[in-house]
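Secondary and tertiary structure notes
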Amino acid sequence: MDRLAKKVCLITGGGGAIGRAIAKAFKDEGAVVIISDINEQLLSASADTLGCESIVQDVTSESQWECIVGDIEKKYGRIDVLVNNAGILGSTDNVNPETTQVEDFRRLQLVNVESVMLGCRTVIPAMKRAKGGSIINISSIAAAIATPFEVSYGLSKAAVRHLSWSVGAHCAPFGIRCNSIMPGQIETGDGGMMDSIFKGAARRGEQADADTARTTFTALIPLGMLGTPYDIAMGAVYLASDESRYVSSISLQISGGWSVL
Ligand SMILES: NC(=O)c1ccc[n+]([C@@H]2O[C@H](COP(=O)([O-])OP(=O)(O)OC[C@H]3O[C@@H](n4cnc5c(N)ncnc54)[C@H](O)[C@@H]3O)[C@@H](O)[C@H]2O)c1
C-alpha cells in the first residue's frame, strides 16, 4: 500500500497502456504521480481515470523537459522517480534490413532513444539536489534478440538498455539508480504494439494472418502467454521503491521466461 509513499514520480507515455498501468500501480503504493503524453486525449483519459496530475509533453523536446522537471521541482520540492516509458513502434511495412526507410529509422531513434537521454540528463541534477532517485527506462526484450521484422525498433531499444547502464554507472556516486525494464510481448489490445506487429507480419505475407502470427509469437514464450501491462507495472514499482536500493544498472526482463543475455 505505501511502498512508494510520497515519492514524486513522473511517468512519460502515461496515456498508453503500460504507462497507465505503471501510474496506477504507483498511485496505489502512495506515490505522487504525474503523467505526461503527447496525445492529449489519451492523457486526459488516463488522468481522469487515475485522478492524477497530467502534463502534455513531447519527449523529443529539450525545452519541454527543462520546463516540466523545473515545474515539478518547484511544486513538490523534488523529483524522486522518472519512468521513461513513452515510445513508438514505427512503421510495420518497410521494416527489414533491406527495406528500412531512413525517415522511419530516424524518427524511432529520436522518440525512443534521444528522448530517454534527454529525460535522464534533465532529471539527474534535480535528483542530485534531492540526494537520490530512481530512473527507470522502458527498453524491450527486442533489445537483445535479432529483430529482422522490426530493425529500427530493436536497435532503439538496445540503445535504451545500454544508455541505462551508462547512466547507472555515472549516477551511482550520487545515490541515483538507473535500471531498464525489458518487457516481452505485452497484450495491449486492438491497435496496441503487439496487435500492430501481428497484423504487420500478416500484411507482409510472413504469417498467414494476424491470429497465426499471434500463435507463432506466443509459442516462443516459455510461460505460454502474452504478458499484461500490470506485469510491467509490478517490476516498475520494485525498481522505484527503496526495496531495490541496492539495485542499479540492471535490465529487468519481464518476458514470460524468455530469457536473453
Ligand atoms: N506493448 C508491448 O508489447 C511492449 C513490449 C516491449 C516494450 N514496450 C515498450 O513499452 C512502452 C509503452 O508501450 P505501450 O505498449 O504502452 O505503447 P502505447 O502506444 O500504448 O503507449 C505509448 C505512449 O507514448 C506516447 N508517445 C509517443 N510518442 C511520444 C512523444 N514524442 N512524446 C510523448 N509521448 C509520446 C503515445 O502517445 C502513447 O500514449 C514503449 O516504450 C514500448 O516500446 C512495449
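Parameters at a glance
Residues numbered from 1 in each chain as written. Predicted model: local features only at pLDDT ≥ 70, side-chain atom pairs only at ≥ 80, totals over all residues. Heavy atoms only, no water. UniProt positions renumbered as here; feature names shortened; annotations may be inferred. Helix = DSSP H or I, 4+ residues; strand = E, 2+ residues; numbered from the N terminus. Rg over C-alpha atoms; globule rule 2.2 N^0.38 Å. Buried < 20%, exposed > 50% of the residue type's maximum accessible area, 1.4 Å probe, protein only. Contact = heavy atoms within 4.5 Å. Lys, Arg positive; Asp, Glu negative; His and termini not counted. Charge placed at Lys NZ, Arg CZ, Asp CG, Glu CD. Near = heavy atom within 4 Å. Polar contact = N/O pair within 3.5 Å; in protein donor to acceptor, adjacent residues only side chain to side chain. Areas by Shrake-Rupley, 256 points an atom, 1.4 Å probe, with all protein chains shown as cover. Expected span 1.5 Å × (residues − 1). Bend = angle between axes of the 7 residues up to and from the residue. Pairing = 2+ DSSP bridges. Axes fitted to C-alpha atoms, helices over the stretch in contact; angles between N-to-C directions. Core = buried A, V, L, I, M, F, W, Y, C linked by side-chain atoms within 4.5 Å. 1 Å grid on protein atoms, 1.4 Å probe; cavity = no way out; pocket = protein on both sides within 12 Å on 5 of 7 lines; lining within 4 Å. Points joined across faces, edges and corners; volume = space filled by probe spheres on them. Nonpolar A, V, L, I, M, F, W, Y, C, P; charged D, E, K, R; others polar. Parallel < 35°, antiparallel > 145°, perpendicular 65-115°, else oblique. Left-handed = near helix turned anticlockwise from the far one by under 90°.

Identification of the chain as SDR family oxidoreductase from Paraburkholderia phenoliruptrix is taken from an unreviewed UniProt entry. UniProt's Sequence similarities (unreviewed entry) comment on the chain is quoted here verbatim: "Belongs to the short-chain dehydrogenases/reductases (SDR) family."

Thoughts on the overall build of the chain
From N to C terminus, the chain includes eight helices and seven strands. Compactness check: the chain gives a C-alpha radius of gyration of 18 Å against a globular reference of 18 Å for 261 residues, within 12% of the reference. For the C-alpha atoms alone, the extent of the chain along its principal axes is close to 55 × 35 × 35 Å. Looking at the chain as a whole, 51% of its 261 residues are labelled buried. A separation of at least 24 residues holds for 71% of the contacts in the chain among residues at least 6 apart in sequence. Within the chain, the 28 negative side-chain charges are centred at a point lying 8 Å from the centre of the 23 positive side-chain charges.

Comments concerning the site of the ligand
By nearness alone, 29 residues border the ligand, and Ile18, Asp37, Asn85, Tyr153 and Lys157 come closest of all. One of the backbone N or O atoms of isoleucine 18 is found 2.9 Å from an oxygen atom in the ligand. Separating an oxygen atom of the ligand from a side-chain N or O atom of aspartate 37 is a distance of 2.6 Å. Bound to the protein, the ligand loses 90% of the 830 Å² it would expose on its own.

Quick look at the environment of glycine 189
Inspection of the secondary structure puts glycine 189 in the loop between β6 (176-183) and α6 (193-203). For the pair glycine 189 and threonine 228, spaced 39 residues apart in sequence, the C-alpha to C-alpha distance is 10.0 Å.

Thoughts on helix α4 (residues 102-129)
Helix length check: α4 (28 residues) gives 40 Å between terminal C-alpha atoms against 40 Å at 1.5 Å per residue, within 8%. The sharpest bend along α4 reaches about 35 degrees and sits at leucine 110. Two residues or fewer past α4, lysine 131 is found with a positive phi of approximately 60 degrees.

Overview of the sheet that holds strand β7 (residues 251-254)
Strand order in the open sheet made by the seven strands is β3-β2-β1-β4-β5-β6-β7, with parallel pairing throughout. The open sheet has two edge strands, β3 (53-56) and β7, and neither has a second partner. Strand after strand, the sheet turns through a mean of 20 degrees between neighbouring axes, direction not considered. For strand β1 (residues 8-12) and strand β4 (residues 81-84), the ladder comprises three bridges, and the chain directions are parallel. Pairing of leucine 10 across the sheet is with leucine 82, part of β4.

Remarks on the nonpolar core
One finds Ile22, Phe26 and Ile136 to be the most contacted residues of the largest nonpolar core, which totals 30 residues. Those elements giving two or more residues to this core turn out to be β1, α1 (17-28), β2 (32-37), α2 (40-50), β4, β5 (133-138) and α8 (229-240). Counting residues in each nonpolar core, the second largest holds 25 residues, with Ile34, Val69, Ile124 and Ala126 among its members.

Observations regarding unusual backbone geometry
Although it is not a glycine, lysine 131 sits at a positive phi angle of roughly 60 degrees. The residue lysine 131 is located in the loop between α4 and β5 in this model. For serine 249, which is not a glycine, the phi torsion comes out positive at approximately 60 degrees. Considering the arrangement of structural elements, one finds serine 249 in the loop between α8 and β7. Looking at serine 249, the relative accessible area reads 25%, which means it is partly exposed.

Comments concerning the side chain of serine 241
When you line up the elements, serine 241 lands in the loop between α8 and β7. A polar contact is formed between the side chain of serine 241 and the backbone nitrogen of glutamate 243, at a distance of 3.1 Å.

Quick word on the layout of surface pockets
Over the atoms, a rolled probe matching the size of one water molecule traces out where space is still vacant. Reported here for the largest pocket is a volume of approximately 980 Å³. Together, 46 residues line the largest pocket, and Gly87, Ile88, Leu89, Tyr153 and Met193 are the ones closest to its centre. The biggest single contributor to the lining of the largest pocket is α6, with four residues. Its residues placed into classes, the lining of the largest pocket shows 22 nonpolar, 19 polar and five charged.

A word on the packing of α1 against α2
The contact between α1 and α2 brings their axes to 11 Å, and the two run at 25 degrees. Taken together, the axes of α1 and α2 are roughly parallel relative to one another. Of the two elements, α1 crosses α2, and the hand of that crossing is right-handed. From α1, Arg20, Ala23, Lys24 and Lys27 reach across to α2, where they touch Leu42, Ala45, Ser46, Thr49 and Leu50.

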